[in-house]
Amino acid sequence: MRRALRSTKIKKIVKRTPGNRLTIHFRKPKPNYAHCGICGKKIVRARLRASEIRKLPKVQRRPERPFPELCPKCMREKIKAMIRAVVKI
Amino acid sequence: MSIFEPGRVCIKIAGREAGKYCVVLEVIDENFVIVQGPKVRKRRCNIAHLQALPEKIEIKEGVDINKIILEKFGEGIIK
């Protein structure tokens, strides 16, 4: 096991292979939650490392709605504000 | 007499079609209506996800609603 993998943060999982021998699988820690751009609250979304995100299709990397970097509540407030700017109610 | 009667022009606030114009076709109950728009699929939508506008348009048979909205309002307020 090389030096970098000996840290406690990396999980070691012992697996039995079809060839009936034991191997160790290493699992790196998950990154933090995403946070909303306006209110700064936690956005409940998949916590994936950059290497895992890169493997996902583009559509699954972020929500399909406009302003994906905001939480749904802030997004609605922003769109309502934009509507009020454009349309006189 | 809720403001979400058939013909009411609205803007969707939530979902991937947020910021797009749509018109109420039918009212299901006090929470749900059927909406359609040039960039909005004909769908059942919660009125909480809609922002009503003062304008209304008539809904007649054989009248292309999407074309009317496209000419009068455009697709939406967001690109």
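In what follows, the structure referred to is the one given above.
Residues numbered from 1 in each chain as written. Chains lettered and ligands numbered in written order. Predicted model: local features only at pLDDT ≥ 70, side-chain atom pairs only at ≥ 80, totals over all residues. Heavy atoms only, no water.

## Digging into the overall build of chain B
Alright, step 1. Along its length, chain B carries one helix and five strands.
Alright, step 2. Helices (α) and strands (β) of chain B occur, in sequence order from the N terminus, as β-β-β-β-β-α.
Alright, step 3. Expected size for 79 residues packed as a compact globule is a radius of gyration near 12 Å; at 11 Å, chain B falls within 12% of this value.
Alright, step 4. The C-alpha extent of chain B, read off along each of the three principal axes, is 30 × 30 × 20 Å.
Alright, step 5. The proportion of buried residues among the 79 residues of chain B is 46%.
Alright, step 6. Taking all contacts inside chain B whose residues are at least 6 apart in sequence as the whole, residues at least 24 apart take part in 48%.
Alright, step 7. Treating the 14 positive side-chain charges of chain B as one cloud and the 11 negative ones as another, the clouds have centres 7 Å apart. (Helix = DSSP H or I, 4+ residues; strand = E, 2+ residues; numbered from the N terminus. Rg over C-alpha atoms; globule rule 2.2 N^0.38 Å. Buried < 20%, exposed > 50% of the residue type's maximum accessible area, 1.4 Å probe, protein only. Contact = heavy atoms within 4.5 Å. Lys, Arg positive; Asp, Glu negative; His and termini not counted. Charge placed at Lys NZ, Arg CZ, Asp CG, Glu CD.)

## A closer look at the pattern of salt bridges
All names here are of chain B.
Alright, step 1. Counted according to the given criterion, the structure contains six salt bridges over all chains.
Alright, step 2. In this structure, Glu5 engages Lys56 in a salt bridge whose closest nitrogen and oxygen atoms are separated by 2.7 Å. Here the residue Glu5 occupies a position in the segment before strand E1 (8-12), and Lys56 occupies one in strand E5 (residues 50-56), the gap between them amounting to 51 residues.
Alright, step 3. Lys56 gets classed as partly exposed once you look at its relative accessible area, which sits at 41%.
Alright, step 4. A salt bridge links Arg43 to Glu17; the shortest N-O distance between them is 2.4 Å. In this pair, Arg43 is assigned in strand E4 (residues 40-46) and Glu17 in the loop between E1 and strand E2 (21-27), connecting sequence segments 26 residues apart.
Alright, step 5. Accessibility expressed as a relative area gives 6% for Glu17, which makes it buried.
Alright, step 6. In the salt-bridge network here, residues are joined through shared partners; they are Glu5, Arg8 and Lys56. (Salt bridge = Lys/Arg side-chain N within 4 Å of Asp/Glu carboxyl O.)

## Concerning the interface of chain A and chain B
Alright, step 1. Counting residues at the interface gives 15 residues for chain A, matched by 16 residues for chain B.
Alright, step 2. With both chains or domains summed, chain A and chain B bury close to 1200 Å², and 77% of this area falls on carbon and sulfur atoms.
Alright, step 3. Put simply, chain A and chain B have one salt bridge between them.
Alright, step 4. For the salt bridge of Glu64 of chain A with Arg16 of chain B, the shortest nitrogen-to-oxygen distance reads 4.0 Å.
Alright, step 5. Taken together, the residues of the side of chain A that touches chain B break down into nine nonpolar, no polar and six charged. (Buried area = accessible area lost by both parts, 1.4 Å probe. Nonpolar A, V, L, I, M, F, W, Y, C, P; charged D, E, K, R; others polar.)

## A few points about the pairing of E2 of chain B
Residues and elements named next belong to chain B.
Alright, step 1. In terms of residue burial, E2 counts as a mostly covered element, since five of its seven residues are buried.
Alright, step 2. In this structure, E2 lies alongside strand E3 (residues 32-37), joined through four bridges in antiparallel fashion. Directly across from Val23, in E3, lies its bridge partner Gln36.
Alright, step 3. Hairpin remark: E2 followed by E3, antiparallel, with four residues in the connecting loop. (Pairing = 2+ DSSP bridges.)

## Here we look at unusual backbone geometry
Residue and element names in this part refer to chain A.
Alright, step 1. A positive phi angle, near 60 degrees, is found at Asn20, a position not held by glycine.
Alright, step 2. You can see Asn20 is positioned in the loop between strand E1 (11-16) and strand E2 (22-27).
Alright, step 3. On the basis of relative accessibility, which here comes to 54%, the residue Asn20 falls in the exposed class.
Alright, step 4. You will see that Phe67, though not glycine, has its phi angle at about 50 degrees, which is positive.
Alright, step 5. Its location among the elements puts Phe67 in the loop between helix H1 (50-55) and helix H2 (72-86).

Nothing here speaks to function; it is geometry throughout.
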